[in-house]
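# Reading the structure
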Amino acid sequence: MSKKLLLVTSPPACGKTRLSRRIATELYGSVYLDKDSLIPLSKRIFSVARKPYNRSSEFFKREIRDYEYDAILAIAVEALKYNDTVILNAPFTSELRDENYMSRLKKRVNSAGAKLVVVWIESDEQTCYSNMKRRNSDRDRWKLGHWEEYVKNVNFAAPENAGDELLVYNGKNNGGEVADFNRLIERIKEI
């Protein structure tokens, strides 16, 4: 098994945390990072800026979002110095479809002596909505309250040309989850 940064990605509420934690448990000794760990910091930024807490707002997109990604990626690349496998749980929804961004990220990860592996969770609108309702998080209030407006900008299709390797995992309730997960783990170990 070679050194790798494993990005577990999908739109919000499609199963990233659950899958990432399962992978981390299976790949014992890997470093697990979750971009949601930065939410308390972003909540503080909203508060200091006297802005309503809305992770879909223009303020969030302009003043917080990209910095969260920059910070968690810096931590992930630093962790690659000390561990062969770093698992990063974050949406990367627009980044994965931006060829320039992905080219820069691949170079950054490769320069740390690692491969960039993207695990895309295949999902759909209904699964996303159900998961979002079930998790009942304040970060989703605007999305749920403006579902039609929110979901029209969500792309559930797997990205093309993402990472040195792109693995697609079926996050929909399909009855073959154990077999799908085992195949995913075997493929990750082969890389």
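Source: prediction; values computed, not measured.

Right, let's talk about the packing of aromatic side chains for a bit. Evaluated as defined, the whole model comprises 6 aromatic pairs. The interplanar angle of 70° and the centroid separation of 4.9 Å between the aromatic rings of Y129 and W147 together place this pair among those described as edge-to-face. Of this pair, Y129 sits in helix 5 (residues 125-135) while W147 sits in helix 7 (residues 147-151), and the two are 18 residues apart along the sequence. W147 gets classed as buried once you look at its relative accessible area, which sits at 9%. For the pair W147 and Y150, a centre-to-centre distance of 5.5 Å together with 50° between the ring planes defines the contact as tilted. Placement of both W147 and Y150 in helix 7 is noted, with a separation of 3 residues, approximately one turn of the helix. Like W147, the residue Y150 is buried in the burial classification. Through pairs of rings, three or more aromatic residues link up here, namely F46, Y53, F59 and F60. The ring of Y53 has K43 lying over it, and the distance from NZ or CZ to the ring centre is 5.2 Å. Here the basic side chain of R97 rests over the ring of W120, its NZ or CZ set 5.3 Å away from the ring centre.

Our next topic: the sheet that holds strand 1 (residues 4-9). Here 5 strands make up an open sheet; going across it, the order is 2-3-1-4-5 and the pairing parallel. Each of the sheet's edge strands pairs with one partner strand only, and the pair in question is strand 2 (31-34) and strand 5 (165-170). On average, adjacent strands in this sheet sit at an angle of 20° to one another, irrespective of strand direction. Both strand 1 and strand 3 (residues 85-89) contribute to a ladder of 5 bridges, which runs parallel. When the sheet's bridge partners are listed, L6 is paired in strand 3 with I87. The strands that helix 8 (residues 177-190) touches are strand 1, strand 4 (115-122) and strand 5; relative to strand 5, the one it contacts most, it runs at about 165°.

Turning our attention to the nonpolar core. In this structure, L5, L7, L88, F92, M102 and L105 are the most contacted members of the largest nonpolar core, which totals 24 residues. If you list the elements that add at least two residues to this core, you get strand 1, helix 3 (58-79), strand 3, helix 4 (99-111) and strand 4. In terms of nonpolar packing, the next biggest core, distinct from the first, is built from 17 residues, L6, L19, L27 and I185 among them.

Calculation notes
- Residues numbered from 1 in each chain as written.
- Predicted model: local features only at pLDDT ≥ 70, side-chain atom pairs only at ≥ 80, totals over all residues.
- Heavy atoms only, no water.
- Phe/Tyr/Trp six-rings, centres within 6.5 Å; stacked < 30°, edge-to-face > 60°.
- Helix = DSSP H or I, 4+ residues; strand = E, 2+ residues; numbered from the N terminus.
- Buried < 20%, exposed > 50% of the residue type's maximum accessible area, 1.4 Å probe, protein only.
- Lys NZ or Arg CZ within 6 Å of the ring centre and 35° of its normal.
- Pairing = 2+ DSSP bridges.
- Axes fitted to C-alpha atoms, helices over the stretch in contact; angles between N-to-C directions.
- Contact = heavy atoms within 4.5 Å.
- Core = buried A, V, L, I, M, F, W, Y, C linked by side-chain atoms within 4.5 Å.

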